[in-house]
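So you can see what is in the structure, the chains are spelled out below.
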Amino acid sequence: MAATSSTTGPGTTAEPGGVRATAPRAGELIARLRTEENRPALVGYLPVGFPDVERSIEALLTLTDNGVDIVELGIPYSDPVMDGLVIQQAAQAALDAGVRVAHVFEAVRRIREHAPHVAVLPMTYWNPVLRYGVADFARDLAAAGGSGLITPDLIPDEAAAWIAASDEHDLDRVFLVAPSSTPRRLALTAQASRGFVYAASLMGVTGERASVGDRAEQLVSDTRTAGAQNVCVGIGVSTGAQAAQVGRWADGVIVGSALVRPLLGDDPWDVRLRNLAEVTRDLASGVRSARAAHGAH
Amino acid sequence: MSLAERLADVSGPYFGEFGGRFVPEALIAALDELETEYAKAAGDPAFADELARLHREYTGRPSPLTEVARFAAHATGDTERSGSHPGVRVLLKREDLNHTGSHKINNVLGQALLVKRMGKRRVIAETGAGQHGVATATAAALMDLECVVYMGEEDTRRQALNVARMRLLGAEVVPVTAGTRTLKDAINEALRDWVTNVEHTHYVLGTVTGPHPFPEMVRQFHRIIGEEARGQILERTGRLPDVVAACVGGGSNALGIFNAFLDDEGVALYGFEAGGEGVETGRHAARFSGGAPGVLHGARSYLLQDEDGQTRPSHSVSAGLDYPSVGPAHSWLHDLGRAEYEPVTDAEAMDAFRLLCHTEGIIPAIESAHALAGALRLGRRAVAGGRTGPDGEPYTILVNLSGRGDKDVATAARWFGLLDEGVASEELEKMEGRG
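Residues numbered from 1 in each chain as written. Chains lettered and ligands numbered in written order. Predicted model: local features only at pLDDT ≥ 70, side-chain atom pairs only at ≥ 80, totals over all residues. Heavy atoms only, no water.

As recorded in an unreviewed UniProt entry, chain B goes by Tryptophan synthase beta chain and comes from Myceligenerans indicum. The Catalytic activity (unreviewed entry) field of the UniProt record for chain B holds the comment "(1S,2R)-1-C-(indol-3-yl)glycerol 3-phosphate + L-serine = D-glyceraldehyde 3-phosphate + L-tryptophan + H2O". Check the Function (unreviewed entry) section of the UniProt entry for chain B; it says "The beta subunit is responsible for the synthesis of L-tryptophan from indole and L-serine." (UniProt positions renumbered as here; feature names shortened; annotations may be inferred.)

As recorded in an unreviewed UniProt entry, chain A goes by Tryptophan synthase alpha chain and comes from Myceligenerans indicum. Quoted straight from UniProt, the Subunit (unreviewed entry) entry for chain A says "Tetramer of two alpha and two beta chains."

In structure tokens form, the structure reads like this:
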């Protein structure tokens, strides 16, 4: 039967090179933090377009100004099955406010201009990339200065087109592992990933939890055994204390809902930004204190 | 797929370029377990025997085949008497007579037996019209499983009686207020539950969509529809039908009846999608005329989506067809040209709904009424084009009557203005749960 290409025609043309020339690779950044600062990376999530594109960029720059090392830049999607209520609410509001997929490239560019040391990896459900065209998306992401993609509903088994495109454009590809992953799948995912592997601390969707899943440390250890260089832990990490706890044994601490929450509500925007800065600084000091009294893992 | 393989036996994870497993890694272990357990069960005569016993003693299978001559006369139209056309025969495969009132029970009983084999104790399900939720709640009651059904808040209003039925059967019904508050959002919520509770919970997916192995497995549980119908129509008419018609939401009843005829070249297959208010209005669920391939809920298939790949809301008078994607096997059959898919509008479906009530004393589900409207269209088209059965026999249409319409009485009463003035709005609001 006919196998048709899923790529669309040429999309927005972008200048190759540019900021990309200096875009840090997530793996190198994590390794440098480990050897030079003896600490895990802080990975902070916010969706582009909430409450609107311009203000979402202000919020993203607030993350990088207050200690986030890697930005996980959410692309709002109509059917986010891995997200809990807080992120669902922000993503839906962004869509209602008219955010488009192409806004992600603008946000990447602006973050990279403001904070050249930061790695920016969009987090996206797969259909928006398929629709854009996998090769075109990789080209435009690289041109904007993005480091790679985090893909919560794409497993390596289905990722042939993305693996080829990310190789061509020298992009990181972050796949997920979960406490339910078998050793065989941990190995497959570790082998397919570049930059880091995203370990879900517990079985569930994004959202704040009172405690981090007790299977997370074992999962990180198993994923390293399976061949991963860097394993970052997300889902349910929301406070500086949790970041410090997770950071003892993880290469990076991923926080989403706890950063989105201060931006919800009706407070004046500058108040919301101040609250976001405060939460970010608490998390940043968490990752910086994680190994102070414990030494490197 | 080898060239020698029968279309009816093609298995997942891919149907042509459609299907796959576009889901979070957290679910892969459970999907692998399900695939393994299903393969073991499929090769175990004890499993087949137990399912056959339930079909016979609980569901009431085989479901009958009913010829509807008075209805079929309307498919022949005015040209019949003037020309030499031998006319149109319409035969209904009566899945509406199954226990719980639709074909959905076939799949649910099969999956519930698998759940017992896997040792899980909790099942979750999504439902649109409520048919699959009722069927799942029924099987859960029968087999002593905890049951939670996710249903879009909009659908809990449209189908208030089915909500009550599920609760009577002991299930918890959770209205979903996210997104468009319809079937797709119910599936999102069920997937979130499953990601969280997968270690002791099975997701009884209700149609031939979703990640592998669901599209293949659910087809296998419904193929009995076509296998029975093929034998029944051969016995009744002495030959295969000229065309098989079914409505297509996710596509389980259609695939169930199509499957037995996929390798019969002389049998045309037609799936009828919800055309809503008309494909040109944008308010419809016609994935093949108004969508493009994409990924939703774990499978690559035709999908209503905007230019950014965001899912576009679907629309239909029938909650069960109100879904923006379709089972990957249908996308495969569509692209192969083996089956044709056409939209039927709300108005066409409701006219066919009333016609079957008036001419045959059968109240169909509004979903199934889309297939009836399609049959009328196919009959008229055959007569106009001078197409007959072989040797000048009547043109014969087999329709899958996938469900009964008790749940749709409130919608029909409103649509046709059937209640007396004064009581009408108050009573309808009560019936539709808005009171």
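Undergrad: Outline the overall build of chain B, listing residues and values.
TA: Check the secondary structure of chain B and you find 17 helices and 14 strands. What you see for chain B is a C-alpha radius of gyration of 21 Å, in line with the 22 Å of a compact globule of 435 residues. Across its three principal directions, the C-alpha atoms of chain B cover 65 × 65 × 50 Å. Across chain B, contacts joining residues at least 24 apart in sequence account for 76% of those joining residues at least 6 apart. (Helix = DSSP H or I, 4+ residues; strand = E, 2+ residues; numbered from the N terminus. Rg over C-alpha atoms; globule rule 2.2 N^0.38 Å. Contact = heavy atoms within 4.5 Å.)

Undergrad: Residues and numbers for the interface of chain A and chain B, please.
TA: Many structure descriptions define interface size as the accessible area lost when the parts assemble. Facing the 40 residues of chain A at the interface are 40 residues of chain B. Interface of chain A and chain B: buried area, both sides summed, is about 3,200 Å²; carbon and sulfur atoms make up 49% of it. Where chain A meets chain B, there are five salt bridges. Here Arg100(A) ties to Asp308(B) by a salt bridge, and the two come within 2.7 Å at their closest N and O atoms. Applying the counting rule to chain A against chain B returns 21 residue pairs in polar contact (both at pLDDT 80 or more). For the side of chain A that touches chain B, the elements supplying multiple residues, two or more each, are helix 3 (85–96), helix 5 (126–132), strand 6 (176–177) and helix 8 (183–192) of chain A. The element that contributes the greatest number of residues to the side of chain A that touches chain B is helix 5 of chain A, accounting for five residues. (Buried area = accessible area lost by both parts, 1.4 Å probe. Salt bridge = Lys/Arg side-chain N within 4 Å of Asp/Glu carboxyl O. Polar contact = N/O pair within 3.5 Å; in protein donor to acceptor, adjacent residues only side chain to side chain.)

Undergrad: Describe the UniProt feature "modified residue: N6-(pyridoxal phosphate)lysine" (unreviewed entry) in chain B, with residues and values.
TA: All names here are of chain B. According to UniProt, the feature "modified residue: N6-(pyridoxal phosphate)lysine" (unreviewed entry) maps to Lys 104 in the numbering used here. In this structure, Lys 104 sits in helix 5 (residues 104–118). Under the relative-accessibility criterion, Lys 104 is labelled buried at 15%. Here Lys 104 is in contact with Gln 131, His 132, Ala 135, Gly 206, Thr 207, His 222 and Ser 252, once residues within four sequence places are set aside. (Buried < 20%, exposed > 50% of the residue type's maximum accessible area, 1.4 Å probe, protein only.)

Undergrad: Give me the packing of aromatic side chains: which residues, what numbers.
TA: All chains considered together, the criterion is met by 15 aromatic pairs over all chains. Arranged with centres 5.8 Å apart and planes meeting at 35°, the rings of Phe18(B) and Tyr302(B) form a pair that is tilted. Here the residue Phe18(B) occupies a position in strand 2 (residues 18–22), and Tyr302(B) occupies one in strand 12 (residues 298–303), the gap between them amounting to 284 residues. The exposure classification of Phe18(B) matches that of Tyr302(B), with both residues buried. Ring geometry for Tyr270(B) and Phe272(B): centres 6.1 Å apart, planes at 15°, overall stacked. Taken together, the ring pairs connect Phe18(B), Phe288(B), Tyr302(B) and Tyr341(B) into an aromatic cluster. One Lys or Arg, Arg55(A), reaches over the ring of Trp269(A) and ends 5.3 Å from the middle of that ring. (Phe/Tyr/Trp six-rings, centres within 6.5 Å; stacked < 30°, edge-to-face > 60°. Lys NZ or Arg CZ within 6 Å of the ring centre and 35° of its normal.)

Undergrad: Which residues make up the pairing of strand 12 of chain B, and what values do they have?
TA: All names here are of chain B. Most of strand 12 is tucked away: six of the six residues are buried. Bridge analysis of strand 2 against strand 12 gives two bridges, and the strand direction is antiparallel. If you follow Gly 19 over to strand 12, its bridge partner there is Arg 300. Bridge count for strand 11 (residues 292–296) against strand 12 is five bridges, and the pairing is antiparallel. What sits directly across from Ala 292, in strand 12, is Leu 303. Following strand 11, the chain reverses through one residue before pairing antiparallel with strand 12; His 297 in that reversal takes a positive phi of roughly 50°. (Pairing = 2+ DSSP bridges.)

Undergrad: Tell me about the sheet that holds strand 12 of chain B, and name the residues and values.
TA: Strand pairing in a sheet takes place through backbone hydrogen bonds and is either antiparallel or parallel in direction. Residues and elements named next belong to chain B. Spatial strand order, 1-2-12-11: four strands in an open sheet with antiparallel pairing. Strands with a single pairing partner mark the edges of an open sheet, and in this sheet they are strand 1 (14–15) and strand 11. Examined bridge by bridge, strand 1 and strand 2 share two bridges and lie antiparallel to one another. Paired with Phe 15 across the bridge in strand 2 is Phe 18.

Undergrad: If you had to explain the side chain of Ser325(B) to someone new, which residues and values would you point to?
TA: Residues and elements named next belong to chain B. Turning to its location among the elements, Ser 325 is positioned in the loop between strand 12 and helix 13 (328–336). Of note is the side chain of Ser 325, whose polar atom sits 2.9 Å from the backbone oxygen of Tyr 302. Those residues within four positions of Ser 325 in sequence are excluded, and the remaining contacts are Gly 249, Arg 287, Leu 296, Ser 301, Tyr 302 and Leu 303.

Undergrad: Pulling in residues and values, what's your account of the environment of Arg230(B)?
TA: All names here are of chain B. Positionally, Arg 230 belongs in helix 10 (residues 214–237). Taking the C-alpha atoms as reference points, Arg 230 and Phe 258, separated by 28 residues in sequence, lie 9.9 Å from one another. For Arg 230, the residues in contact, after removing those within four places along its chain, are Leu 240, Ala 260, Phe 261 and Asp 264. Polar contacts involving the side chain of Arg 230 include one to the main-chain carbonyl oxygen of Ala 260, which spans 3.2 Å. Here Asp 264 takes part through its side chain, which lies 2.8 Å from a polar atom of the side chain of Arg 230.

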